[in-house]
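One letter stands for each residue in the lines below.
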Amino acid sequence: MTTTASAADTISIRSAEEPDLLAVFRIEKASFDQPWPFSAFERYLDESTFLVAEDDAKVVGYIVADVVPNHGQGLGHVKDIAVHPSRRGEGIGSKLLERALAGIESRGAHSVKLEVRESNESAIDLYREFGFQYLRTVPRYYDDGEDALVMVVELN
């Protein structure tokens, strides 16, 4: 990953707000062949781990995560993460994931899971940098028939 100090230093991470949703949705559509609908983002607005990355008052990335009960303990779930295509490779995804994992841990979760397309090598590499490990494959998870890898990490 190539991160320039100046690019990384100008990024701030904060909770998503309603005025951010259009920019988030545009990044989603630019990033995925099968984007979430706008309404999906609206449903997560109250989640403390729905975060946006901002540079010069412009949303350049986001992450949607939550915590769900799982056998008496909280389980974190990273549901969606994307960085604007023109801003990839600057460490923005790492900053978003780091903050979301800290937020999930502060809510009492001891582990976090996510699903990722088996072909998305850059995302898989990012998750491995944060200690995520392969758990299992979900066949035909995505609408186009591609399998998903389920990855998990234990938090401190």
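Residues numbered from 1 in each chain as written. Predicted model: local features only at pLDDT ≥ 70, side-chain atom pairs only at ≥ 80, totals over all residues. Heavy atoms only, no water.

**Q** How would you explain the overall build of the protein if you had to name every residue and give the values?
**A** Helix and strand counts for the protein come out as five helices and seven strands. Relative to the 2.2 N^0.38 estimate, which gives 15 Å for 156 residues, the radius of gyration of the protein is 15 Å and therefore close to what a compact globule would have. Projected onto its principal axes, the C-alpha coordinates of the protein cover approximately 40 × 35 × 35 Å. Considering the protein as a whole, with its 156 residues, one finds that 47% of them fall into the buried category. By sequence separation, contacts in the protein at least 24 residues apart represent 61% of the contacts at least 6 residues apart. The positive charge centre, built from 16 side chains, and the negative charge centre, built from 27, are 2 Å apart in the protein. (Helix = DSSP H or I, 4+ residues; strand = E, 2+ residues; numbered from the N terminus. Rg over C-alpha atoms; globule rule 2.2 N^0.38 Å. Buried < 20%, exposed > 50% of the residue type's maximum accessible area, 1.4 Å probe, protein only. Contact = heavy atoms within 4.5 Å. Lys, Arg positive; Asp, Glu negative; His and termini not counted. Charge placed at Lys NZ, Arg CZ, Asp CG, Glu CD.)

**Q** Tell me about the packing of aromatic side chains, and please be specific about residues and values.
**A** Counted according to the given criterion, the structure contains seven aromatic pairs. Note on F41 and Y62: the rings are 5.5 Å apart at their centroids and 85° apart in plane angle, and the pair reads as edge-to-face. You can see F41 sitting in helix α3 (residues 38-43) and its partner Y62 sitting in strand β3 (residues 58-70), a full 21 residues away along the chain. Here F41 and Y62 have matching classes, each one buried. Among the aromatic side chains, those forming a connected cluster through ring pairs are W36, F41, Y44, F50 and Y62. (Phe/Tyr/Trp six-rings, centres within 6.5 Å; stacked < 30°, edge-to-face > 60°.)

**Q** So what about the layout of surface pockets? Which residues, and what values?
**A** The gaps of empty space that remain are located by a probe, the size of a water molecule, rolled over the atoms. Counted as a void, the largest pocket has a volume near 1,200 Å³. Every residue lining the largest pocket is counted, 38 residues in all, and those nearest its centre are F32, I81, N120, A123 and Y127. Listing elements by their share of the lining of the largest pocket, those giving two or more residues are α2 (21-31), β4 (73-83), α4 (92-106), β5 (109-117) and α5 (121-129). A per-element tally of the lining of the largest pocket places β4 first, with seven residues. (1 Å grid on protein atoms, 1.4 Å probe; cavity = no way out; pocket = protein on both sides within 12 Å on 5 of 7 lines; lining within 4 Å. Points joined across faces, edges and corners; volume = space filled by probe spheres on them.)

**Q** Report on the side chain of H77, specifying residues and quantitative values.
**A** In this fold, H77 is placed in strand β4. Exposure remark for H77: the relative accessible area of 13% places this residue in the buried category. In terms of polar contacts, H77 uses its side chain to reach the side chain of E115, at 2.9 Å. The residues contacting H77, other than those within four sequence positions of it, are V64, A65, D66, I104, V112, K113, L114 and E115. (Polar contact = N/O pair within 3.5 Å; in protein donor to acceptor, adjacent residues only side chain to side chain.)

**Q** Residues and numbers for unusual backbone geometry, please.
**A** A negative phi angle is the norm for most residues apart from glycine, just as the trans form is the norm for most peptide bonds. Its identity is not glycine, yet A57 carries a phi of approximately 65°, on the positive side. By the element assignment, A57 lies in the loop between β2 (50-55) and β3. Despite not being glycine, H71 shows a phi value in the positive range, around 55°. Inspection of the secondary structure puts H71 in the loop between β3 and β4. For H71, a relative accessible area of 80% gives the class exposed.

**Q** Tell me what's going on with the environment of V153, and back it up with residues and numbers.
**A** On the secondary structure map, V153 appears in strand β7 (residues 148-154). In this structure the C-alpha to C-alpha distance between V153 and F130, which are 23 residues apart in sequence, comes to 7.8 Å. Residues in contact with V153, not counting those within four places in the same chain, are H110, S111, V112, F130, G131 and F132.

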